[in-house]
Structures are given as C-alpha cells and as structure tokens.
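Here is how the chains run, residue by residue.
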Amino acid sequence: MKKILFVFLTISALFTIDVAAQNGFCGTSIEDQIIIKERMMQNRANAALSAQVRTGVMWVPIQFHLLEDNDGGNRVDVMKVFDMLCALNEDYLDQDIQFFMKDGLNFIQNSSVNADPNHSTAPAIMVGAKVFSAINIYIVKDIPNSTPGSTLGFYSPQFDWLVLKRSQVSAAAVETLTHELGHFFTLAHPFFGWDGQYWEEAIHGNPAPISSPAGILTEKMDGSNCEIAADGFCDTKPNYGLGFGWPNCNYNGNCEDPNGELLAPGVQENNFMAYFIGCASEFTPEQKAAISADLNARTSLHTTLDPDITAFTDSPTQNSPINGEETPLYNVVGFDWEPVGGATSYVVEVDRTPTFSFNPSVKFVSGGTYIEFEDVFDPNKTYYWRVKAIKEGNVCGEVLSTSFKTGTVTGTQDIKEILNHTISPNPITSGELLNINIETNEAFDALINVYNLSGQKLKEVNTTFNLGTTNHELSVSDLSEGMYIISIESENGVLTEKVVVTR
Ligand SMILES: [Zn+2]
C-alpha cells in the first residue's frame, strides 16, 4: 500500500506543477506535508529520536546550489547567500543548531532549471548535483505556478531538497528559508489542510467545519484533537490559513472553531510556519522538539565540527584598484587586498553597479590576497569590486566596495619613432633580466613604467632610446609571480606590453 502511495506521489510531484501553485506563497504541497507529518509522527513515536542526544551546538552542513542561465546570467548574488545564512543562524541559535557551507557554493549553469525547478527535466540535473551529507538548497530565478501569486520556496520530501526563489535570498527575507527548513525537519503548517484554500466565512461557514478542504482534521481550541489535527502539535494554536491576506501581525477576525470558539486572540502570528508575512520570529517548543528529533534521525547530517565562529574584526582593506583608479588593461584586471586575521578564504565580486545587482562575476580565493579576472570587462567603463573574508564558522564579516575604471587597451604601440621592438624573455623567471630592445628612427626620452594589473605603478625608470637600436635591461627580481604591464611612455605616445613573471 505504501509503495503504491509513493509512486503516485512521485508522479504527482513530477508532473503536477499546480500542486505547488495552490499554496500561493509556500510551495510545499499538501501531499508533501502528508509525508512530512507522517515522518514527524514516526519520530515522535520513536522515543530514542525524541530524546535530546546533542550537547552544545550542532553544526549542520548546507550545500547551496546557485542556478544560472546558460550565458551565466540571472544568478543570485553570492553575498546575499552569505547574508541569508548569517540571518538563518540567528533564527536557529536558540535551538543550538547552526548551519555552515559544506564545500563553498555550487554553480549550476542551466537556463531551464533556473526558470522552472518543477519542470520535468529539472530533477535529473538537480539529482546529479545533490550532495549526500548536506542539506541541499537550490536557488533559482523563478518558481512559476499557474495561479496568481508567487511560489517563494518549497521543500520536496521526495528528493529531500529545498528550492528557493532568488528574491527570497537576503537577510531581510530569511523567513522563507527558516520556514522551508522547518518543513525539511518535519514541520507542517499550523493551518495544514487549509493550504491554498484559506478559511473564508462565505465559503466554509462559521463555525469552521470539522474537516478542512483538504480532508485533514480541523484543530479545535479546546485541545481535544491537537495531537493529530492540522500539524499535530498542541502548542501551535488553531489557524485555518488566517495569515494569508491578513495585513498585520494581530489577527482579530471572527473565525470560530467547529465548537464555535473564537480563534482570536490566540492565533500565533509570530510562528515561523504560520505565514503571517513579516511577523514570524519563533518556533514553539513542540516544533523545536520535532526539529531536534528529525535532526537526530538524519545521521548523514551529523558532524563533530567545532568551527571557529569568532567574528572578523575588520573587512579586508582594498589596496588596488580603488577610488576610480584606471587599470592598465581591460581584458585582464588584478585585484589586491590586505589579509584579514582568521580568514581561510575570500570572495571577490565585480559588477557594473555599486549595489552589485547587475550581473556580478565572482571568484573564491584561498591562500592569497590577489586575484585576476579575465574577459569580463569592457574598455573604458566604471566597475565596482568588493571582497569578503570567510571561514567555515563565519561568513558574516563586513564587506566594503570601491570603484575602478577599466583602461582602453589590451597592449598598444603608438610611438611613431619606434620601428621595431622586442621585450624578452616572456614569460621571464624572476632571476633573469628583461631585455627591452627598441629600434628607432629618431632618439627620444622615455619613462619605462611597470604596473601590476590593478594599475599600481611598481617601477619607474628614466631612459633615452638612441637612434638605431638600444637595449635596456630591467631587473624583475623584486616582482612576485604574476602578470605585469611594461609601459614605455614618451611625449609622442605609449608602448605597452604584458609580461608574465614566473619563479
Ligand atoms: Zn510552507
């Protein structure tokens, strides 16, 4: 019997997109909540799981999967993922549960999954990316549904993963993830059964019927059926979907339970699972016990981690380019910052907008405080970059941003006196001398400048190139490994060339 039920649900989850749509805001369907609640009941019956076996904070691994279009566009801003994770940990702190990123962020380039994670072809891609020993959270551009309103996120018990719409990814919108993780840990809605068909006097009558539109027992005010009705918790008070459309955090409508008892003023607008939007701030003790029992049962998520959670004292100081500085090239730009104590890696982001809302490019850097971005910039444009220090137990450090302007060249020669030139060897090892060999039809004075890719001038040499051929030797022993710009500047023009220094 159970097997047949599972097959039916599998098919419905794959092909009935409308299931998510009925719920308006949360896309965790009634069918899925039946499974969720059944798991909760099993955990509750299993005293061993219900017992608190944890001491101290449990660190629970999360794998975020960031969907992007095939051209790399329409991906959530990674900094918002960190902000959301920090806010999430505040919501779960009083349960001694803290979440951390297991192996950085996973980027998935697939336009159709990004546009619709319920599409029939999506699960194959998502299963392929799924990590066994972590909570998998896929962040997508949109979760379409066929009714007005928008699905902001859902938990799928079939695949045991969460999906979030990227508009819900920020510290301010963390309620959505806190709520969907509640589903992950076996919590149904307090209004379970009224999902998508919220109580309305004209439709359902007052007092409310003993059974919800979905056929789930309606919870009564006197507590007589609370252990089995609705979400199965006695300390989440009766709520027949009253949060939907109610404009504030103080329900005082006239809805009555099947015995004729008023639900107000006992409605818990502040419950994370209740969907009074913008009002949520807590789980009840029974909900917390269910979360704890389910976490106890989910041994694949257990870790013995005790990560360094101390706060970063500073954001990384940006060295270059800063404050609108122009970079020597536009096709390759290097970024340099001061190390921050305790950081195990850094996240560097560049974008056209100071809010990083256009289409930020991102790189993770471990073991260094310098990174180059290639082929992401247009010439002669203003960009912004920022860098964040991170470590396993803390991604909550401050981040600052600064602007820079890209140069116009990838390498150029417009000094009319120069007939031929070679700059060699290239690549050069740091012990060798760089030979700048210039053949001219007229002597001229020039400056030889050496820049890094961030636009910082590292060397400046005054010289004269004579008529005929002149060879100027330049030591590079003080330059670390990387790419540099050799720039010969005279009153008649500039010659620039990239040189790579190796060890
Ligand atoms: Zn929900």
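All residue numbers refer to positions counted from 1 along the written sequence of the respective chain. In view of the model being predicted, local features appear only for residues whose pLDDT reaches at least 70, and side-chain atom pairs are presented and counted only at 80 or more, with totals across whole chains, interfaces and linings using the full set of residues. Side-chain measures here rest on the full set of heavy atoms in the structure, leaving out hydrogens and waters.

Two rings from Phe, Tyr or Trp (for Trp, the six-membered ring) form a pair when their centres sit within 6.5 Å of each other. Planes less than 30 degrees apart are called stacked, planes more than 60 degrees apart edge-to-face, and all others tilted. Throughout the structure, instances matching the rule amount to 23 aromatic pairs. Ring geometry for F335 and W385: centres 5.0 Å apart, planes at 50°, overall tilted. Placement of the pair is F335 in strand β8 (residues 332-337) and W385 in strand β12 (residues 382-390), with a sequence separation of 50 residues. Partly exposed describes any residue whose relative accessible area lies between the buried limit of under 20% and the exposed limit of over 50%, with all areas from a 1.4 Å probe on protein chains only and scaled to the type maximum. Overall, the relative accessible area of 0% leaves W385 in the buried class. With a centroid separation of 5.6 Å and an interplanar angle of 85°, the aromatic rings of F377 and F404 are classed as edge-to-face. Here F404 lies in strand β13 (residues 400-405) and F377 lies in the loop between β11 (370-374) and β12, a separation of 27 residues in the sequence. A relative accessible area of 0% places F404 in the buried class. For the purposes of this entry, the term helix denotes a DSSP run of H or I that reaches at least four residues, the term strand denotes a run of E that reaches at least two, and both are numbered from the N terminus.

The next thing to look at is the state of the cysteines. By definition, disulfides here are pairs of cysteine sulfur atoms that lie within 2.5 Å. Under the counting rule described, the total for this entry stands at three disulfides. Disulfide pairing is shown between C86 and C396; the S-S distance is 2.1 Å. Disulfide C86-C396: the torsion about the S-S bond is -110°, which places it as left-handed. Of this pair, C86 sits in helix α5 (residues 78-92) while C396 sits in the loop between β12 and β13; the two residues are 310 residues apart in sequence, bridging distant segments of the chain.

Contact geometry for α5 and helix α8 (residues 175-184): axes closest at 9 Å, N-to-C directions at 60°. As the angle between them shows, α5 and α8 are arranged oblique. The element α5 and its partner α8 pack so that their crossing is right-handed. Counted together, M84, L88, D91 and Y92 of α5 and L177, T178, L181 and G182 of α8 form the full contact between these two elements. Gly counts as polar in this scheme, as do all residues outside two lists: the nonpolar Ala, Val, Leu, Ile, Met, Phe, Trp, Tyr, Cys and Pro, and the charged Asp, Glu, Lys and Arg. Within the contact of α5 with α8, the residues separate by chemical class into five nonpolar, two polar and one charged. The axes used here are C-alpha line fits, helices contributing only the stretch in contact, and every angle between their N-to-C directions lies in the interval 0 to 180 degrees. Should an angle lie under 35 degrees it is considered roughly parallel, over 145 roughly antiparallel, and from 65 to 115 roughly perpendicular; all remaining angles are considered oblique. Here a crossing is taken to be left-handed if its near helix is turned anticlockwise relative to the far helix by less than a right angle, and right-handed if that turn runs clockwise. Throughout, a contact is declared for two residues whenever any of their heavy atoms are within 4.5 Å.

For D294, the location among the structural elements is in helix α10 (residues 285-297). When residues no more than four places from it in sequence are discounted, the contact partners of D294 are R39, N43, F184, F185 and T186.

Let us now look at the coordination of the zinc ion. Metal donors were taken as nitrogen, oxygen and sulfur atoms no farther than 2.8 Å from the ion, or 3.2 Å where the ion is Na, K or Ca. Water is excluded, so coordination may look unfinished. Protein ligation of the zinc ion involves C26 (SG), H179 (NE2), H183 (NE2) and H189 (NE2), the donor distances falling in the range 2.0 to 2.1 Å. Here a site with four donors is tetrahedral if all angles are between 85 and 135 degrees, and a site with four or six donors is square planar or octahedral if opposite donors are over 155 degrees apart and the other angles are between 65 and 115; anything else gets the irregular label. Coordination at the zinc ion is tetrahedral: its four donor atoms span angles of 99 to 122° at the metal. When the donors of the zinc ion are listed by position in the chain, the intervening gaps give C-x152-H-x3-H-x5-H. A residue pair is termed long-range when its members are at least 10 positions apart, and C26 in the loop between α2 (18-21) and α3 (30-45) and H183 in helix α8 qualify at 157 residues. H183 shares its class with C26; the two are buried.

What follows covers the domain arrangement of the chain. You can read the domains of the chain as domain 1 (2-187), domain 2 (188-282), domain 3 (318-405) and domain 4 (412-502). Start and end positions for the domains come from either an automated domain assignment or a database one. Relative to domain 4, the C-alpha centre of domain 3 lies at a distance of 28 Å. Counting residues at the interface gives 16 residues for domain 3, matched by nine residues for domain 4. Defined in terms of a 1.4 Å probe, buried area is the accessible area two parts forfeit on being brought together, summed over both. Here domain 3 and domain 4 share an interface that buries about 860 Å² over both sides, 57% of which is from carbon and sulfur atoms. Among the residues domain 3 hides against domain 4, the three largest losses belong to S320, P328 and L329. Together they make up 45% of the total. A side-chain nitrogen of Lys or Arg and a carboxyl oxygen of Asp or Glu constitute a salt bridge if their distance falls within 4 Å. Across the domain 3-domain 4 interface, the total number found is zero salt bridges. Polar contacts here mean pairs of N or O atoms no more than 3.5 Å apart (in protein, one a potential hydrogen donor and the other a potential acceptor; neighbouring residues in sequence count only if both atoms are side-chain atoms). Across the contact surface, domain 3 and domain 4 share four residue pairs in polar contact (both at pLDDT 80 or more). Secondary structure elements with two or more residues in the side of domain 3 that touches domain 4: β6 (318-320), β7 (325-326), β8 and β11. In terms of residue count, the dominant contributor to the side of domain 3 that touches domain 4 is β8 (five residues). Considered class by class, the residues forming the side of domain 3 that touches domain 4 number seven nonpolar, five polar and four charged.

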